[in-house]
Number of protein chains: 2
Amino acid sequence: MQIVIALFDGFTALDAVGPHQVLHHLPDTEVVFAAERGRYVTDNSHTLTLQAEAGYADVPRPDIIVVPGGPGQAEQMTPGPLQDWLLEADETSTWTTSVCTGSLILAGAGLLTGRKATTNWLAHEELRHLGAIPQRERYVFDGKYVTAAGVSAGIDMALALAGRVAGDEEAQRIQLGIEYDPQPPYQSGSPATAKPELVEYFTARSRFAHRV
Amino acid sequence: MQIVIALFDGFTALDAVGPHQVLHHLPDTEVVFAAERGRYVTDNSHTLTLQAEAGYADVPRPDIIVVPGGPGQAEQMTPGPLQDWLLEADETSTWTTSVCTGSLILAGAGLLTGRKATTNWLAHEELRHLGAIPQRERYVFDGKYVTAAGVSAGIDMALALAGRVAGDEEAQRIQLGIEYDPQPPYQSGSPATAKPELVEYFTARSRFAHRV
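What comes next concerns the included structure. Since this is a predicted model, take the numbers as computed values, not measurements.

A few points about the overall build of chain A
Working step 1: Counting its secondary structure elements, chain A contains 7 helices and 11 strands.
Working step 2: Relative to the 2.2 N^0.38 estimate, which gives 17 Å for 212 residues, the radius of gyration of chain A is 16 Å and therefore close to what a compact globule would have.
Working step 3: Based on the C-alpha atoms only, the size of chain A along its principal axes is roughly 45 × 40 × 35 Å.
Working step 4: Put simply, chain A has 212 residues, and 56% of those count as buried.

What follows is the structure, encoded as structure tokens:
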């Protein structure tokens, strides 16, 4: 089984590395980071650079596609190497997935039209504008399309996907292996639990604010 | 404030990227990945390569040190570039931290002698053997030393550290920004909650099994 994680400048690192950390433990699996060509790709913080070993042309038929989000998503919404590859690879993929605003890229390619999906909590109206039916869920399965909420949600999504792909026990084994027993010191991880002034902080600055 | 995350061959990616994703959002902060020299460093899955932009000589006095774990930890337990840098950098650091078996590297350097600390759930006896007092906690503060349990625990540790460094509200802001509202689909993230046969699977194969 081949899993391809797409990278682009300005991606959010945990969006990509969270699912990688879960999915590379699946049996008989090859995980490949890819970009329009083999190169090094820098995240939105400008302090983390990951190698995309493959170009999209090298990985035309992955079993699982993972598209991360991040501010760089905005440059991936129009026809170009990522969109072109995505449309072709999706024709034969078993699962097409995203984390955070990666779902906007899927939706921009027309893959989520009329489908239930999720995204970063700030981007739900943007996702609706692109034709999907946004859900306030940690991750959403609709057919072969699996979308996760913001950043860290990719870990939860990948574990659920691992369960579908390889069975519950395999997913539970992976969870124990990465000791994923989360104990956040604060309860501020969603707009429903965070202080209103923090929610306001982000909505006031969001690049999607015009649609919120 | 300068935060240096040490990389070595065979590190576990989420150990490093989890804290990075939290800590790079701290105000007035520079996060730098470093190794014995500036180079590309590949993780234990052999499928993820991160850039260490700096050599240790370039970052002698970080405010915060982060040491990840992973199978490659075994090669970092004796005097060499990482241990030498760690001992010197620790003299002036405000916080010296680790994730997963990274605490064995700190302990191997003598930094955790007589201190409460934690590590991967499979390595507690190894940590005790190295002079620390192992705790079954998600993360442990003892003076300026902060250690996290396995892999994903670095996210929780980093949020708690962000709170100490910049205040609770700043940490809560970061938590909302990365939408860290974990909802694992299974309850299998610790040996206390996982099925006994999964616990046995790992203990039977652990490189620390001789001490468990």
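Let's talk about the sheet that holds strand β11 (residues 145-148) of chain B
All names here are of chain B.
Working step 1: Spatial strand order, β5-β2-β1-β6-β7-β11-β10: 7 strands in an open sheet with mixed pairing. Across the chains shown, the open sheet's two edge strands, defined by having one partner strand only, are β5 (54-55) and β10 (139-142).
Working step 2: Strand direction decides the pairing type here: strand β1 (residues 2-6) and strand β6 (residues 64-67), joined by 3 bridges, are parallel. By the bridge assignment, Ile 3 is partnered in β6 with Ile 64.
Working step 3: On the sheet, helix α1 (residues 13-23) packs against β1, β2 (30-35) and β6 and is oriented at approximately 165° with respect to β1.

Notes on the interface of chain A and chain B
Interface size is commonly expressed as the accessible area that is lost once the parts come together.
Working step 1: Between chain A and chain B, the contact holds 53 residues from the first and 54 residues from the second.
Working step 2: Among the secondary structure elements, those contributing two or more residues to the side of chain A that touches chain B are α1 (13-23), β4 (49-52), α5 (153-166), α6 (168-177) and α7 (196-205) of chain A.
Working step 3: With 7 residues, the single largest contributor to the side of chain A that touches chain B is α6 of chain A.
Working step 4: The residue makeup of the side of chain A that touches chain B, split by class, is 26 nonpolar, 20 polar and 7 charged.

Some details on the environment of Thr 97 of chain A
Residue and element names in this part refer to chain A.
Working step 1: Its place among the elements puts Thr 97 in strand β7 (residues 95-98).
Working step 2: As a C-alpha pair, Thr 97 and Thr 147 span 50 residues in sequence and 5.5 Å in three-dimensional space.
Working step 3: Ignoring sequence-local partners within four residues, the contact set of Thr 97 consists of Ile 64, Ile 65, Val 66, Val 146, Thr 147, Met 157 and Leu 161.

Looking at the relation of the copies chain A and chain B
Working step 1: At an RMSD of 0.0 Å, chain A and chain B line up after a rotation of 180° and a shift of 0.0 Å along the axis. Read as a symmetry element, the transformation amounts to a two-fold axis. Using C-alpha coordinates, one finds that chain A approaches the rotation axis most closely at Leu 50 of chain A, a distance of 2.4 Å.
Working step 2: Most of the interface of chain A is mirrored in chain B: 100% of its interface residues are interface residues there too.

What about the nonpolar core?
Working step 1: Of all hydrophobic cores here, the largest spans 138 residues; its most connected members are Leu 7 and Ala 162 of chain A together with Leu 7 and Ala 162 of chain B.
Working step 2: Among residues more than four places away in sequence, those in contact with Leu 7 of chain B are Ala 16, Phe 33, Ala 34, Ala 35, Val 41, Leu 50 and Ala 52 of chain B.

Observations concerning the sheet that holds strand β1 (residues 2-6) of chain A
Residue and element names in this part refer to chain A.
Working step 1: Across the sheet, which stays open at both edges, the 7 strands sit in the order β5-β2-β1-β6-β7-β11-β10 with mixed pairing between neighbours. Each having just a single partner strand, β5 (54-55) and β10 (139-142) make up the two edges of the open sheet.
Working step 2: Contacts from α1 reach β1, β2 (30-35) and β6 (64-67), with the element oriented near 170° to β1.

Quick word on the environment of Met 1 of chain A
Residue and element names in this part refer to chain A.
Working step 1: Mapped onto the elements, Met 1 comes out in the segment before β1.
Working step 2: As a C-alpha pair, Met 1 and Phe 11 span 10 residues in sequence and 25 Å in three-dimensional space.
Working step 3: Beyond its immediate sequence surroundings of up to four residues, Met 1 is in contact with Leu 26, Asp 28, Thr 29 and Asp 63.

Observations concerning helix α6 (residues 168-177) of chain B
Working step 1: A large share of α6 of chain B lies buried, amounting to 7 of its 10 residues.
Working step 2: Of all the residues in α6 of chain B, the buried ones are Ala 171, Gln 172, Arg 173, Ile 174, Gln 175, Leu 176 and Gly 177 of chain B.
Working step 3: Turning to α6 of chain B, the residues buried within the fold contact α7 of chain A together with α1 and α5 (153-166) of chain B.
Working step 4: Once α6 of chain B ends, the next one or two residues include Glu 179 of chain B, with phi positive near 45°.

So, the pairing of β1 of chain A
In summary, the side chains of a regular strand alternate between the two faces of the sheet.
Residues and elements named next belong to chain A.
Working step 1: Extensive coverage of β1 is indicated by the burial of 4 of its 5 residues.
Working step 2: Pairing geometry for β1 and β2, over 5 bridges, is parallel. Directly across from Ala 6, in β2, lies its bridge partner Ala 34.
Working step 3: Read as a crossover between parallel neighbours, the route from β1 over α1 to β2 is right-handed.

Here we look at the pairing of β4 of chain A
Residues and elements named next belong to chain A.
Working step 1: Residues Leu 50 and Ala 52 of β4 are buried on one face, while the alternating residues Thr 49 and Gln 51, pointing to the opposite face, are not.
Working step 2: As defined by bridge partners, strand β3 (residues 39-42) adjoins β4 across 4 bridges and the pair is classed as antiparallel. When the sheet's bridge partners are listed, Val 41 is paired in β4 with Leu 50.
Working step 3: In sequence, β3 turns back onto β4 through a hairpin of 6 residues, with His 46 there showing a positive phi of about 65°.

Some details on unusual backbone geometry
Working step 1: Positive phi, normally seen in glycine, also occurs at Cys 100 of chain A, with a value near 55°.
Working step 2: Structurally, the position occupied by Cys 100 of chain A is in the loop between β7 and α3 (102-108).
Working step 3: Positive phi, normally seen in glycine, also occurs at Val 151 of chain B, with a value near 45°.
Working step 4: Its place among the elements puts Val 151 of chain B in the loop between β11 and α5.
Working step 5: Here Val 151 of chain B falls in the buried class, since 25 other C-beta atoms lie within 10 Å of it.

Calculation rules
Residues numbered from 1 in each chain as written. Chains lettered and ligands numbered in written order. Predicted model: local features only at pLDDT ≥ 70, side-chain atom pairs only at ≥ 80, totals over all residues. Helix = DSSP H or I, 4+ residues; strand = E, 2+ residues; numbered from the N terminus. Rg over C-alpha atoms; globule rule 2.2 N^0.38 Å. Buried ≥ 20, exposed ≤ 12 C-beta atoms within 10 Å, placed from the backbone. Pairing = 2+ DSSP bridges. Contact = placed C-beta atoms within 7 Å. Axes fitted to C-alpha atoms, helices over the stretch in contact; angles between N-to-C directions. Nonpolar A, V, L, I, M, F, W, Y, C, P; charged D, E, K, R; others polar. Least-squares fit on C-alpha atoms with pLDDT ≥ 70 in both. Core = buried A, V, L, I, M, F, W, Y, C linked by C-beta atoms within 7 Å. Right-handed = clockwise from strand over helix to strand, strands pointing away.

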